Amino acid sequence: MTDITKTGEWRALEALSAKPVDLRAAFSRDPERAQRFALEAAGIYLDFSKNRINDEILAALLALAKAGELEAAKKRMFAGEKINATEGRAVLHVALRDFALRAYHVDGEDVSKLVRAEREKMRDFVRRVHSGDFRGVSGKPLDTVVNIGIGGSDLGPQMATEALRPYWAPGRRAFFVSNVDGQHLADTLEGLDPERTLFIIASKTFTTQETMTNAASARAWFIEKTGDEKAIANHFVALSTNERAVADFGIDPANMFVFWDWVGGRYSLWSAIGLSIALQTSFDIFERLLKGAHAMDEHFRTAPLEANMPALLALIGVWNRNFENISAHAVLPYDQHLARLPAYLQQADMESNGKSRRMDGAPVSCATGPVIFGEPGTNGQHAFYQLIHQGTDVISSDFIAPALSQEPLGDHHEKLLANFLAQTEAMMLGKTEGEARAELEAQGLTKPEVDALAPHKVFPGGRPTNSILMEKLTPETLGALLALYEHKIFCEGALWGINSFDQWGVELGKTLAKAILPELAKLGEEKPEASAHDASTNALINRINAARAAQKNDQ
Ligand code: G6Q
């Protein structure tokens, strides 16, 4: 596989980066800039003109994509090749949302048939729960869902459920429990009626410590409240690839919805893992979400590189990361219902592209995924935007907004959009010292006052931003937006030559936690001094154990 950093195309980009683009000047020189550096696909409009690029840089980036054989990498993914080589798995989340009835082969088997059968099973289950055919053991409707899962089995469904709030079925409630901190489960269960509650145990492996611990405690709570162990069959369903573990837990296999090892956890909301989304809305809405993603998949699969939105977004990402040395990227949705999108994309991007080895195990020769963070606008403006505007590090950002609100209220949405627009304009333009001085002078400040204050009022500008606009946040545009990011992440990873679909980096901490667990004292228990670890870890264990040992005496 080509190491793009060794290509002439990479060196050409390095040479171009030596002459930084002055965005303010580029915009005043070229009235067509906004049109040329923008495109529309699957209901999403992307304006990438406020990045420090020009025609020459864009052409060089497209040449880099060719040198990096991006088209071939894309074909391998859609063909079901085992591109997740370290886990020996295909990567086919696109098959989960394909409505073109295309076949997808894994080890010679057409998995699209499995997908369609499971979708129908989910549709039927959602219909039965909504109609009351499937109800609680005491005959009450199951109008409350508690999804127990973590990481990919939590962030996607939680984010999408919140994003689709205007589409919620009346009277239904959905809760998401992920943290092994017992307070998360206890706080969630407080006040819930077990007879109306459906627990969804969402775990691809069905071995994850946090999820299994929460699931066992939820089951204990349920049995304690209802006094009826057999009622589990009406109140617990599982979403997993591990049928045996589900059965061992005591969930009837008829109440299990399956997915497959070619669905990565963080790419799984389109599979059975999306059951909580469908229950909180309807299966039709869930299907509209899948269709939106499929529209973006089709665009990604067929559009030429220079008009391919995920590929272009990735190339801008590569430019900012590798040639502008930007190591942090903000995701800033101007839509309260997208409040969980930054957390979702933190996982999607950082777990996928936070790697420092190439596919063949050799160290990478360039920087890979940036730090992703964010908050909904306008909240972030009153918090961390200061650093983006005037900090010593340059940070790139994606601004995301719908032109129309789902819940118009007075002039709220105009104000929201005015801020969305003003921020990218401010980040691009900045403010020169001359402008700052003129402003202060116009306010009647004396010369010494102007001299003292003007430096603080200077904004360097040239902060790169993408603006992502949609007409409205609908199931379709949400699906397209998420697929856009998934494919962007894929393209970046492919160009960097890394495996975007494994996550070995999460393993070490898990293993050490298992080793430490028996060293922690139960309440009131005396433990010998810890000595198996580094001095810091030993001291922390001893301090925790001292507090826990003393607990009994206090009670
Ligand atoms: C995602 C990761 C990870 C995973 C969780 C939960 O890509 O693999 O976030 O989703 O660790 O795993 P289970 O679904 O197996 O419980």
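Coordinates for the structure precede this section.
Because the structure is a prediction, the values reported are computed rather than measured. (Residues numbered from 1 in each chain as written. Predicted model: local features only at pLDDT ≥ 70, side-chain atom pairs only at ≥ 80, totals over all residues. Heavy atoms only, no water.)

## What about the sheet that holds strand β13 (residues 465-470)?
Move 1: Strand order in this open sheet of six strands is β1-β2-β13-β12-β10-β11, and the pairing throughout is mixed. Each edge of the open sheet carries a strand with a single partner, namely β1 (38-41) and β11 (371-373). Across the sheet, the axes of successive neighbouring strands diverge by a mean angle of 15°, strand direction being ignored.
Move 2: Across six bridges, the pairing between strand β12 (residues 396-402) and β13 is parallel. Bridge pairing in β13 places serine 397 opposite threonine 465.
Move 3: Across the sheet, helix α20 (residues 475-496) lies against β2 (44-47), β10 (328-333), β12 and β13, angled at about 150° from β13, the strand it touches most. (Pairing = 2+ DSSP bridges. Helix = DSSP H or I, 4+ residues; strand = E, 2+ residues; numbered from the N terminus. Axes fitted to C-alpha atoms, helices over the stretch in contact; angles between N-to-C directions. Contact = heavy atoms within 4.5 Å.)

## Some points on the site of the ligand
Move 1: In the region of the ligand, 13 residues are neighbours, and Ser153, Ser203, Thr205, Thr208 and Gln347 sit closest.
Move 2: One of the side-chain nitrogen or oxygen atoms of serine 203 is found 2.6 Å away from an oxygen atom of the ligand.
Move 3: Between the ligand and glutamine 347 there is a distance of 2.7 Å, counted from an oxygen atom to a side-chain nitrogen or oxygen.
Move 4: Computed on the free molecule, the ligand has an accessible area of 410 Å², of which 86% lies beneath the protein chains in the complex.
Move 5: Among the residues forming the shell around the ligand, the class breakdown is one nonpolar, nine polar and three charged. (Near = heavy atom within 4 Å. Polar contact = N/O pair within 3.5 Å; in protein donor to acceptor, adjacent residues only side chain to side chain. Areas by Shrake-Rupley, 256 points an atom, 1.4 Å probe, with all protein chains shown as cover. Nonpolar A, V, L, I, M, F, W, Y, C, P; charged D, E, K, R; others polar.)

## Considering the packing of helix α4 (residues 55-67) against helix α14 (residues 309-323)
Move 1: Where α4 meets α14, the closest approach of the two axes is 10 Å, and the angle between their N-to-C directions is 105°. By the criterion of interaxial angle, the relationship of α4 to α14 is roughly perpendicular. Mapping the contact onto sequence places Ile57, Leu58, Leu61, Leu62, Leu64 and Ala65 in α4 and Leu312, Leu315, Val318 and Trp319 in α14.
Move 2: Its residues assigned to classes, the contact of α4 with α14 shows ten nonpolar, no polar and no charged. (Parallel < 35°, antiparallel > 145°, perpendicular 65-115°, else oblique.)

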